[in-house]
Each structure stands twice: as structure tokens, then as C-alpha cells.
Amino acid sequence: MAENSFQIWDDAIHTAPDQVKRIASAKKAATSPSSIDRESKTGVFEGSGKEPYHVTLESCTCGDFRRRKLPCKHMYRLAMELGEFGGDFAKGTNKNVVSHGQIKFEEAVDEIEKLPEAAQRDLQRVFFWNPNPEYMHIREVDDVSKALETCPIVEVKEASLTERLKLMKKTDIIHALKEMSVEYPKLPKEELIQWCVENAPSIAAYAPKRCIVAPAFCVSKLYRSIYTYLARKFDWNNSYDIFRDKEGVFVIPYGAQQVKQPDGQYVYDFPNDEVTDMLNKHHCNRCAGGYVTKARE
Ligand SMILES: [Zn+2]
Ligand SMILES: [Zn+2]
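Residues numbered from 1 in each chain as written. Chains lettered and ligands numbered in written order. Predicted model: local features only at pLDDT ≥ 70, side-chain atom pairs only at ≥ 80, totals over all residues. Heavy atoms only, no water.

Brief notes about the coordination of the zinc ion (ligand 2)
Then, number 1: Distances from the zinc ion (ligand 2) to its protein donors, Cys60 (SG), Cys62 (SG), Cys72 (SG) and His74 (ND1), fall at 2.1 to 2.3 Å.
Then, number 2: Each of the 4 donor atoms around the zinc ion (ligand 2) contributes to a set of angles spanning 105 to 112 degrees, which defines the coordination as tetrahedral.
Then, number 3: Along the chain, the residues that donate to the zinc ion (ligand 2) are spaced as C-x1-C-x9-C-x1-H. Here the residue Cys60 occupies a position in the loop between strand S3 (53-56) and helix H2 (63-68), and Cys72 occupies one in the loop between H2 and helix H3 (73-81), the gap between them amounting to 12 residues.
Then, number 4: Of the residues examined, Cys60 reaches a relative accessible area of 6% and is grouped as buried. (Donors = N, O, S within 2.8 Å, 3.2 Å for Na, K, Ca; no water. Tetrahedral: all angles 85-135°; square planar, octahedral: opposite > 155°, others 65-115°. Helix = DSSP H or I, 4+ residues; strand = E, 2+ residues; numbered from the N terminus. Buried < 20%, exposed > 50% of the residue type's maximum accessible area, 1.4 Å probe, protein only.)

Structural notes on the sheet that holds strand S1 (residues 35-37)
Backbone hydrogen bonds are what pair the strands of a sheet, in a parallel or an antiparallel way.
Then, number 1: Taken together, the 3 strands give an open sheet; going across it, the order is S1-S2-S3, and neighbouring strands pair in antiparallel fashion. Each edge of the open sheet carries a strand with a single partner, namely S1 and S3. For this sheet, the mean angle separating the axes of adjacent strands, direction not counted, is 20 degrees.
Then, number 2: Two strands pair when backbone bridges link them, and S1 and strand S2 (residues 42-45) are joined in this way by 3 bridges, in the antiparallel orientation. In the sheet register, Ser35 faces S2, and the bridge partner there is Val44.
Then, number 3: Packed onto the sheet, H3 meets S1, S2 and S3 and runs at close to 55 degrees relative to S3. (Pairing = 2+ DSSP bridges. Axes fitted to C-alpha atoms, helices over the stretch in contact; angles between N-to-C directions. Contact = heavy atoms within 4.5 Å.)

Looking at the UniProt feature "domain: SWIM-type" (unreviewed entry) in the protein chain
Then, number 1: Feature annotation in UniProt places "domain: SWIM-type" (unreviewed entry) on residues 53-83, given in this structure's numbering.
Then, number 2: The span residues 53-83 is 48% helical and 13% strand by assignment, and the distance between its end C-alpha atoms comes to 20 Å. (UniProt positions renumbered as here; feature names shortened; annotations may be inferred.)

This is the structure we're talking about:
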């Protein structure tokens, strides 16, 4: 076997601008390989299609190499991984691995529209706050949470006993412990909760039932779009405006922008984007045909 088969490529090519770009892409975490075989000096990289790319130091099955017959980003990355080409590369999840687990925005909206309105409004809060790791959408177990359980864009989990006890007043926790005839230590609320979880888990029968709703991985790229869709569907904004010569505060659908119509009249419309496309598809574009501000009630 050749000592270093990447050396079949003349050093001079690596400084050409088109190669420099590929070297930069090769270093990114998003170009991480699925596997590397150090002995055969080959690698497998997830591609945008179904079939992954099979990569050697001399060739690659990707379209870029097929077209150019020059090292593609996969080959550079393989050479870097094998220590045969310099460069600090970032390790992580290949972007195609991420996107393969993703659903399209249109599919996400189709799922949202299968839900009752109350559940859709709940989703709006879930997607507004996430991915803030501090935020946990904790809610009652009811018809809405049951509907959300059927929805593939969120995960509904039972809230932990700790979370449920936090919702109780300390006096109610103590009342429950007394009813259970459990001897308990004198502790501040937070420590008492921890004590209950460890020593009296049957207090669960007294704690309110709650569940936690979190976005599913399949929409991890769509938080913003999903939130915007629901906000444009349900929310109102105040608009300082002049309307029929009256100046004041009017309400307009969230995210609507003022546009001048050919007749000189001003109306409100949503930006022309994929979110608005979906509002139209599901017949809930409140700005369809131009929204005219109404005086606030
Ligand atoms: Zn294959
Ligand atoms: Zn390639």
C-alpha cells in the first residue's frame, strides 16, 4: 500500500481558491465522518441523499469529485482525520445526519393543523421558549396534553415527582405526609421535597399530575418557523397608525407589515415567505387580500 496516497495530489493544487474553500469546509464539525477505517485509509460520510459517500484519499463518490476530479471536502477531511493533511478540524455531527432526522416545515405545519386550537396555542409557548435550556413547559394532564401526545413534533413526558411537588404549598406537602402517617424531618421546602422523593415517593398520589412538553428532535431546525406560524395565526400586535384620518392604536395580526395598494389605500400583509405560504395552505392567513386595521375595542 502506498505510504501516503494523498500525495498523489500535487501540493500546488491545495492553494487554489476552489480548493481552499473545500479545505475550510472539511474542517467544520458539519463535515464529520460517520466512520473512518485507518487501515484501508477510507471513510464513510453521510450525504444529502440516501446513500452515504464512500471516500478514499484518491477518490470520492460525491458529485463534487465526480465533476472536478480534484479532492473534495470529504477527501480533505479523511486526509486530516488520518493525519495526512494539516489542519485543525472540529468534531461533531455531520449536518446530513442532523437533517436526515428532520421533517420539513410543511410536514410540521400539517401535524400542527391536526391538533385542536388549544393544543396549537400550547405549542406556540413551547416553541417560543425553546431551545432555552432553562425553560420547561410543564402543564396539566388533560385533553390538550393527550392531543399533544399524538403529535410527532413534540415529546410529552410525565413530570418528575420533584417538579410536581414544587407546585404544592409546603403546608399541603406536610398535610399529605401527616395523612400518610409518615414521620418527616423539619426542613425548608426544597429540601423537604428532596426528602419526600427519596423517602416517601407514595406522596405522588397527593401531588398534582403534570407533564412536560418539549420539541422533538425532528424539528430542531424549525423552532423559529413554527413559532412564527402560530404567532401569525393567533397573535395581535398594537400598531400606532393613522386610520381613516383618526390617529391612534390599532390592532393588527402579529408580524403583518403595512403595504400600499394600487388605489393608494394602506393595508397590512404578511411577508412573502414559507410561513405565509403555509397560512394560505391551511386557510388561516388573516391578511389574505390585505388586512385593514380596526380601532381597538
Ligand atoms: Zn453504500
Ligand atoms: Zn466527496
